[in-house]
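# Fold and contact review
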Protein chains: 2
Amino acid sequence: MNSITPPPSKYVSKAVIKRLPRYFRYLRELIRNGTLRISSKDLAAKMNITSSQIRQDLNCFGGFGQQGYGYNVMSLYMEISKILGLEENFKAIIVGMGNIGKALAGNPLFEKRGVSVSGLFDINPEIIGSEYAGLKIRPMTEIEDFCKQNSVSIAVLAVPKSEGESVAKFLYNECGIKGFWNFSNMELSNKIGDAIIENIHLGDTLMTLCYELSQRNKEK
Amino acid sequence: MNSITPPPSKYVSKAVIKRLPRYFRYLRELIRNGTLRISSKDLAAKMNITSSQIRQDLNCFGGFGQQGYGYNVMSLYMEISKILGLEENFKAIIVGMGNIGKALAGNPLFEKRGVSVSGLFDINPEIIGSEYAGLKIRPMTEIEDFCKQNSVSIAVLAVPKSEGESVAKFLYNECGIKGFWNFSNMELSNKIGDAIIENIHLGDTLMTLCYELSQRNKEK
């Protein structure tokens, strides 16, 4: 495999970046099944996209394949992990231990992406001090010290919508949090300084599903 | 407000449809704040897109605004709800009552979008028969009859990845389920007949967040 240094990120479009997690998932699957090498054609068929799309996407980062030999699955997987920042071992906290917080705490999705959840926080005195998924639920009064002592960079925001913005501002201004995985349903983009925000609106995809179903019904 | 019949769905691009849930959310917010009318310019500023994008999007459905008067917020909200199929009162079941299933059962996001969750299912004998969010958790052996008797069209798939495909196939083939809100992390597109599938890969957005954070760190 050629090892060409990827060009700086500014040359990579957001669209390509958005597709990388999908490559990551498929490559992980291939590794699990013991596949060592795959052609862009076979990978394309698996992922239901064109092989030229694959070649184009991966070329953005310098290209990882050798013509006629296909891609080395493990190398490609590791390169994509590196590009995605999964080797940086970001530390995260979960803020809000309601149903969503609980579904996320202890979820293997963090570990698979190299993110470690190091703290859980809530305001409910009835659950503070109890353990969940091997971690103690702490009061919000400890959050500032905790984030600083543990170099936390990501907050998983699982608080009610009404609290989303004020909690995020506090975490950004006082606790040094730079990235928000935002499940609060409060749209935070452009509201929290230069923080990086991924707003999760689960309901949006449910609506898309309803739309497609109702179209299907109309066609009948 | 002009009431022009929307053109058939085939003329509406997937990109526009994907943006409609966002309009829906912002309009809901405006209604809550008592705003009756809004110009495309003000709506654009709120949503952080251009006003020409808004006019273009809403024109796909026949246009709802009157020049110089802006949009009637309630009418626009109701029209978008109708387009999205939210007035059809789809019935859903949740299959798999682990952490994700629990976070979704009783979550107001269904009701807000006109979807009613009518049944919860699991294979774990320890929780079958117990109540959660006001509904009884039922055994999988009852799922076929339940779906048919209750005209269920959506399954929220919250089973482990290894079970995702087989459970989905059973629900599609035997239970008449046509839409899948798929949290199993098993990619189901093109695998389940002509079913409509929304695959939710929460981890993908976490990876995008890690990518942006690591780029930020490199720039420093």
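Located above this text is the structure these notes cover.
### Digging into the interface of chain A and chain B
Contacts between the two partners involve 62 residues from chain A and, on the opposite side, 61 residues from chain B. Buried area between chain A and chain B, both sides added, is near 5,700 Å², and the carbon and sulfur share of it is 63%. The tally of links from chain A across to chain B stands at eight salt bridges. In this assembly, chain A and chain B are joined by 18 residue pairs in polar contact (both at pLDDT 80 or more). If you list the elements that add at least two residues to the side of chain A that touches chain B, you get α1 (14-32), α5 (99-104), α6 (108-112), β8 (179-182), β9 (196-199) and α9 (202-219) of chain A. Sorting elements by how many residues they give to the side of chain A that touches chain B places α9 of chain A first, with 18 residues. For the side of chain A that touches chain B, the class distribution of residues is 28 nonpolar, 15 polar and 19 charged.

### Quick look at empty space enclosed by the protein
Following the criterion strictly, the structure yields one cavity of 30 Å³ or more and no others. Estimated volume of the largest cavity: approximately 70 Å³. Lining the largest cavity are I100, A103, L104, F183 and L202 of chain A together with I100, A103, L104, F183 and L202 of chain B. Residue assignment for the lining of the largest cavity shows that the elements contributing at least two residues are α5 of chain A together with α5 (99-104) of chain B. For the lining of the largest cavity, the class distribution of residues is 10 nonpolar, no polar and no charged.

### Here we look at the pattern of salt bridges
Scanning the entire structure with this criterion turns up 20 salt bridges over all chains. The shortest N-O distance in the salt bridge between R25 of chain A and E187 of chain B comes to 2.8 Å. Of this pair, R25 of chain A sits in helix α1 while E187 of chain B is found in the loop between β8 (179-182) and β9 (196-199), placing the two residues in two different chains. A residue is classified by how much of its surface remains accessible, and R25 of chain A, at 12% relative accessible area, is buried. Take E187 of chain B: its relative accessible area is 15%, and that puts it in the buried class. One network of salt bridges, with partners in common, ties together R25 of chain A together with E187 and D204 of chain B.

### Some thoughts on the relation of the copies chain A and chain B
For the pair chain A and chain B, the relating rotation is 180 degrees, the translation along its axis is 0.0 Å, and the fit reaches an RMSD of 0.0 Å. Taken together, these values place the two copies in the relation of a two-fold axis. In terms of C-alpha distance to the rotation axis, chain A has A103 of chain A as its closest residue, with the C-alpha 3.1 Å off the axis. Looking at the interface residues of chain A, 98% of them are also at the interface in chain B, so both copies use one shared face.

### Some thoughts on unusual backbone geometry
Residue and element names in this part refer to chain A. A positive phi angle, close to 50 degrees, is found at A133, a residue other than glycine. A positive phi is found at N190, a non-glycine position, where the angle reads about 65 degrees. Of note, N190 is situated in the loop between β8 and β9. Exposure remark for N190: the relative accessible area of 61% places this residue in the exposed category.

### Thoughts on the packing of aromatic side chains
All names here are of chain B. Under the definition given, this model contains eight aromatic pairs over all chains. Plain terms: the ring middles of F24 and Y77 are 5.0 Å apart, the flat faces sit at 20 degrees to each other, and that makes the pair stacked. In this pair, F24 is assigned in helix α1 (residues 14-32) and Y77 in helix α4 (residues 73-83), connecting sequence segments 53 residues apart. With respect to burial, F24 and Y77 carry one shared label: buried. Judged by centre distance (5.7 Å) and plane angle (90 degrees), the ring pair of F110 and W181 falls under edge-to-face. Here F110, found in helix α6 (residues 109-112), pairs with W181, found in strand β8; they are 71 residues apart in sequence, far enough to count as distant. The pair formed by F110 and W181 is uniform in burial state, with each residue classed as buried.

Definitions and cut-offs
Residues numbered from 1 in each chain as written. Chains lettered and ligands numbered in written order. Predicted model: local features only at pLDDT ≥ 70, side-chain atom pairs only at ≥ 80, totals over all residues. Heavy atoms only, no water. Contact = heavy atoms within 4.5 Å. Buried area = accessible area lost by both parts, 1.4 Å probe. Salt bridge = Lys/Arg side-chain N within 4 Å of Asp/Glu carboxyl O. Polar contact = N/O pair within 3.5 Å; in protein donor to acceptor, adjacent residues only side chain to side chain. Helix = DSSP H or I, 4+ residues; strand = E, 2+ residues; numbered from the N terminus. Nonpolar A, V, L, I, M, F, W, Y, C, P; charged D, E, K, R; others polar. 1 Å grid on protein atoms, 1.4 Å probe; cavity = no way out; pocket = protein on both sides within 12 Å on 5 of 7 lines; lining within 4 Å. Points joined across faces, edges and corners; volume = space filled by probe spheres on them. Buried < 20%, exposed > 50% of the residue type's maximum accessible area, 1.4 Å probe, protein only. Least-squares fit on C-alpha atoms with pLDDT ≥ 70 in both. Phe/Tyr/Trp six-rings, centres within 6.5 Å; stacked < 30°, edge-to-face > 60°.

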